[in-house]
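The residues making up each chain are set out below.
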Amino acid sequence: MPAVPRDSSPTPRRLLARLRRLMARATDLATRLDGLVHLVAGEFVAEVCSVYVMRPGEILELAATEGLRPEAVHRTRLRVGEGIVGTAAAEARPLNLPDAQNHPAFAYRPETGEEAYASMLAVPVLRGAEVLGVIAVQNRAPRRYAEDEVEALETVAMLLAEILHGAHPPAEEAVLSLPGAMARHYEGVGLTPGIALGPVVRHGRRTAPRTVLAEDPEAELGRLRAAARAMQRAVDAMLEGPARRAGHEPREVLEAYRLIAADQGWLGRIEAVVRDGLTAEAAVERVLADLRARMRQVADPYLRERLADIEDLAGRLIDHLGGGAEADPVEGGFILIARRVGPAELLDYHARGLAGLVLEEGSPTAHATIIARALGLPLLAGCRGATDAAVPGELAVLDAEEGRLVLRPEAEIVAGYRAALAAREARRAAEAGLREAEPRTRDGVRLTVMINAGLLMDLPHLAATGADGIGLFRTEIAWLARGGLPDLETEEALYRDVLAAAGDKPVLFRTIDLGGDKLLPGFAHEREENPAMGWRSLRIGLDRPAMLRRQLRAMLGAAAGRRLSVMFPMVTTVEELRAAKALLAAELRAAERRGAAPAEVQAGAMLEVPALVWQLPALLEEAAFLSVGSNDLTQFLFAADRGNPRLAGRYDFLSAPVLDLLEQVGCAAAAAGVPVGLCGEAAARPLEALAVFGVGIPQISVPPASVPAVKAMVRSLDLTAFRTFLAGLRRSARGGASLRADIAAYARDHGIALE
Ligand code: PEP
Ligand code: MG
């Protein structure tokens, strides 16, 4: 239903001026609430305006109404989650319903007489993450309330929060300390590996502004502008150090952030709200709440990243206004828990001794992830509800390798992790000695262990781990980090830096793999039902050959005079590989004409789509090498979204469907004399790496942090004996059951180092 334009929409300035007069006149809570519902009903031309207040036991009680029967006041009660009002409270978001009575959540209360009203707008009254009540307006006629009406009612809700909080300040200690509270376990996706154990710091729970209505809007504007200038100066100074020191991509992330800090659009909107009569702090929160509401509808991860940047800056602006964030007492070695976090905030926390990071929202290419990876911080994403459940200062265990967060862990868990961390420390010292050691098995087989990379800052890991090369360079990460297509020179310079860092070790450059969850702003990604299986990767490259050719040109230019290995992702048919190779050949001819061609060019294919397995003979004639993309291949093989934590652990990589397929690919490639490896994240753990080598794939590419442990495993392995065992185990396997326990038991019994 369209929003009905109304002549008499409440103008924020008039509404706030009238509310200010009301607050000055009325001092007790009941008179204030009665005055407020009367005034708001009049301004909204609504037949009903009601305020529900949260009572102990998560009960919302009707505290004041204009339009419903007066006898319902203090009688009508709804549980959180019950009815429209209870749902707005439970979900902490406005509900705007033209036909409220037919909404599935509608709960009829005969004493109110509300059957006469069709439409309803219910807005939660929030103070930080705490719900203090709900304010609702209702109209007889079915209508969807316009956006400016929703915003106006949200502003009223902010004032109500101030009134209700002043009337019933919560017993702080009741909220903050939960003696004897139970442990809470969360599952998430580890975006950067590692384990941390330490006290919790909760991010993003700013206290609500102390005052909402400004006495003197002009003076308030002056305060806002001075704070904005101070914030910009502080941001410039803060980014100066890290931006100069960090590699190329985080520098771009931080530059984007600096631009937002100075963005006149964002600051201008805050100024407009101050002119309407809110305090500067309340205006910052108000504009942020609008942005959050809009972003809820936006799927584009890059736009959502902007929101994290703005949340970050809003907090800083409030600090500069003197509002101040809650000082957290924790000193160092702490675990930060946040819905999301901005890049500069993360650098701040890092300077204060951050040990690990848990995000409710997060993705592999989010700015925070890029910075966390650069800083080597364990990062676990997707732990919904953890921010609210966390209690600052209490202990937590963050295991980004197993995808686990435990708040208030039991003593045994803490002891277990303490021991694991100590053992890891000891192992790390031992592994440092493995840098120069080759991944050669006890029976003399030289295997190949390379690293996955995508950023310049990944490159030092090559020397630090002594890996055999870069088996997967994800070129799109730099594009995503800079938020757009790089120019040819920048791109060529990046690839040249990568090759220089690799020295004479091989680098497999993977052409851009956009689409799926990797969306580039400004690029025509359409909304797709199944983006992972949609218009992505090489499919885009072949449909936009100019774009792919430009990237190939940059690679060829960077590799002038040396060997270039190009790997095409998401190849689905051999014809696609031929078409991609034709583009490469055309660019190579042009490079030769310029006299700046590589000494040798190899074009390989990633095997990520199962259909390629039935094209192996033709594929092996075309491909100079094959690399199994273990992340995508596994997700397509099991039809199980790789990013869905609910499915994590449901199907095992260490089971016959995967191992049989890998063996088939390994045998066919060996017979054809085509080198074959496996990249992605599947072989990151020694146990999985063991199985991959065991089925005859002699080369893997893993995250750098995994290299020492994988090398240690290889050096303790008798490959011939293990292959015999694995072949027998697979023969006796039934269906798709996991073989993990059997392989792990064999490893344990035969002294194969798995940790
Ligand atoms: C893979 O799918 O295993 C792979 C290496 O590609 P991606 O970048 O999609 O993880
Ligand atoms: Mg892939």
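Preceding block: the structure.
### Observations concerning the overall build of the protein
Thinking step 1. Of regular secondary structure, the protein possesses 27 helices and 22 strands.
Thinking step 2. Out of the 755 residues belonging to the protein, those deemed buried represent 54%.
Thinking step 3. Put simply, of all contacts in the protein between residues at least 6 apart along the chain, 67% involve residues at least 24 apart.
Thinking step 4. Carbon and sulfur atoms form 53% of the exposed surface of the protein, whose accessible area is close to 31300 Å².

### So, the coordination of the magnesium ion (ligand 2)
Thinking step 1. The protein atoms that coordinate the magnesium ion (ligand 2) are Glu608 (OE) and Asp632 (OD), at distances spanning 2.0 to 2.1 Å. Note that Glu608 is positioned in the loop between strand 19 (600-607) and helix 21 (616-622) and Asp632 in helix 22 (residues 630-638), a separation of 24 residues in sequence.
Thinking step 2. Taking the relative accessible area as the measure of exposure, Asp632 reaches 2% and is therefore buried.

### Things to note about the sheet that holds strand 13 (residues 395-399)
Thinking step 1. Taking strand neighbours across the sheet as the criterion, the 8 strands line up as 7-14-13-9-10-11-12-8 in an open arrangement whose pairing is mixed. Two strands bound the open sheet, and with one partner strand each, they are strand 7 (184-187) and strand 8 (189-192). Taken over all neighbouring pairs, the strand axes of this sheet differ in orientation by 30° on average, direction set aside.
Thinking step 2. As defined by bridge partners, strand 7 adjoins strand 14 (residues 404-407) across 4 bridges and the pair is classed as antiparallel. When the bridges of strand 14 are listed, His185 appears paired with Val406.
Thinking step 3. Across the sheet, helix 11 (residues 343-351) touches strand 9 (195-202), strand 10 (334-338) and strand 11 (354-359), and the angle it forms with strand 11 is around 145°.
Thinking step 4. Packing against the sheet, helix 14 (residues 411-432) makes contact with strand 7, strand 9, strand 13 and strand 14, and its axis sits at approximately 125° to strand 9.

### Some thoughts on the site of ligand 1
Thinking step 1. Contacts to ligand 1 come from 14 residues, most closely from Arg474, Arg510, Glu608, Asn631 and Arg642.
Thinking step 2. Within the contact set of ligand 1, an oxygen atom lies 2.8 Å away from a side-chain nitrogen or oxygen of Arg474.
Thinking step 3. Separating an oxygen atom of ligand 1 from a backbone N or O atom of Gly629 is a distance of 3.5 Å.
Thinking step 4. Starting from 290 Å² of accessible surface for ligand 1 in isolation, the protein chains cover 98%.
Thinking step 5. Secondary-structure elements contributing two or more residues to the shell around ligand 1 are strand 16 (470-474) and helix 22.

### Details of the sheet that holds strand 4 (residues 95-97)
Thinking step 1. One open sheet accounts for 6 strands, arranged 3-2-1-6-5-4; its pairing is antiparallel. Of all strands in the sheet, those bounded by a partner on one side alone are strand 3 (77-79) and strand 4. Going across the sheet, the axis of each strand differs from the next one's by a mean of 20°, ignoring polarity.
Thinking step 2. As paired strands, strand 2 (residues 59-66) and strand 3 are joined by 3 bridges and run antiparallel to one another. In the sheet register, Ile59 faces strand 3, and the bridge partner there is Arg79.
Thinking step 3. Most of the contacts of helix 3 (residues 83-91) go to strand 5 (residues 119-127), to which it runs at about 35°, and overall it touches strand 1 (48-55), strand 2, strand 3, strand 4, strand 5 and strand 6 (130-139).

### Comments concerning the packing of helix 22 against helix 23 (residues 656-672)
The packing of two helices is summarised by the inter-axis angle and the distance between the axes.
Thinking step 1. Between helix 22 and helix 23, the shortest axis-to-axis distance is 11 Å and the interhelical angle comes to 125°. Between helix 22 and helix 23, the angle falls in the class oblique. For the crossing formed where helix 22 meets helix 23, the hand is right-handed. In contact with Leu633, Leu637 and Phe638 of helix 22, helix 23 contributes Pro657, Val658 and Leu661.
Thinking step 2. Per-class residue counts for the contact of helix 22 with helix 23 are 6 nonpolar, no polar and no charged.

### As for the environment of Pro686
Thinking step 1. Relative to the elements of secondary structure, Pro686 occurs in helix 24 (residues 686-694).
Thinking step 2. Residue class for Pro686 comes out buried when judged on its relative accessible area of 7%.
Thinking step 3. Distance from Pro686 to Lys711, taken between C-alpha atoms, is 8.4 Å for residues 25 residues apart in sequence.
Thinking step 4. If sequence neighbours within four positions are ignored, Pro686 has contacts with Ala709, Val710, Met713, Ala753 and Leu754.

### Points about the environment of Val53
Thinking step 1. The topology assignment puts Val53 in strand 1.
Thinking step 2. Owing to a relative accessible area of 5%, Val53 belongs among the buried residues under this scheme.
Thinking step 3. When neighbours within four sequence positions are excluded, Val53 is seen to be in contact with Leu33, Ile59, Leu60, Glu61, Ala63, Leu132, Gly133 and Leu164.

### So, helix 24
Thinking step 1. Of all the 9 residues making up helix 24, 9 are buried; the element is thus mostly covered by neighbouring parts of the structure.
Thinking step 2. Regarding helix 24, the residues found buried are Pro686, Leu687, Glu688, Ala689, Leu690, Ala691, Val692, Phe693 and Gly694.
Thinking step 3. Following helix 24 by one or two positions, Gly696 has its phi on the positive side, about 100°.

### Brief notes about the pairing of strand 2
Thinking step 1. The element strand 2 is largely enclosed, with a buried count of 7 among its 8 residues.
Thinking step 2. Of the pairings in the sheet, the one linking strand 1 to strand 2 comprises 7 bridges and is antiparallel in character. Bridged to Met54 within strand 2 is Leu60.
Thinking step 3. Two successive antiparallel strands, strand 1 and strand 2, enclose a turn made up of 3 residues, where Gly57 displays a positive phi of approximately 85°.

### Structural notes on the nonpolar core
Thinking step 1. By size, the foremost hydrophobic cluster in this structure holds 96 residues, and its most contacted members are Leu626, Phe693, Ile700 and Ile743.
Thinking step 2. In contact with Leu626, not counting residues within four places along its chain, are Ala605, Leu607, Leu616, Leu619, Leu620, Val665, Val674, Pro675, Val676 and Gly677.
Thinking step 3. Counting 68 residues, the second largest nonpolar core, distinct from the first, contains Leu15, Ile135, Leu159 and Leu313.

Conventions used here
Residues numbered from 1 in each chain as written. Chains lettered and ligands numbered in written order. Predicted model: local features only at pLDDT ≥ 70, side-chain atom pairs only at ≥ 80, totals over all residues. Heavy atoms only, no water. Helix = DSSP H or I, 4+ residues; strand = E, 2+ residues; numbered from the N terminus. Buried < 20%, exposed > 50% of the residue type's maximum accessible area, 1.4 Å probe, protein only. Contact = heavy atoms within 4.5 Å. Areas by Shrake-Rupley, 256 points an atom, 1.4 Å probe, with all protein chains shown as cover. Donors = N, O, S within 2.8 Å, 3.2 Å for Na, K, Ca; no water. Pairing = 2+ DSSP bridges. Axes fitted to C-alpha atoms, helices over the stretch in contact; angles between N-to-C directions. Near = heavy atom within 4 Å. Polar contact = N/O pair within 3.5 Å; in protein donor to acceptor, adjacent residues only side chain to side chain. Parallel < 35°, antiparallel > 145°, perpendicular 65-115°, else oblique. Left-handed = near helix turned anticlockwise from the far one by under 90°. Nonpolar A, V, L, I, M, F, W, Y, C, P; charged D, E, K, R; others polar. Core = buried A, V, L, I, M, F, W, Y, C linked by side-chain atoms within 4.5 Å.

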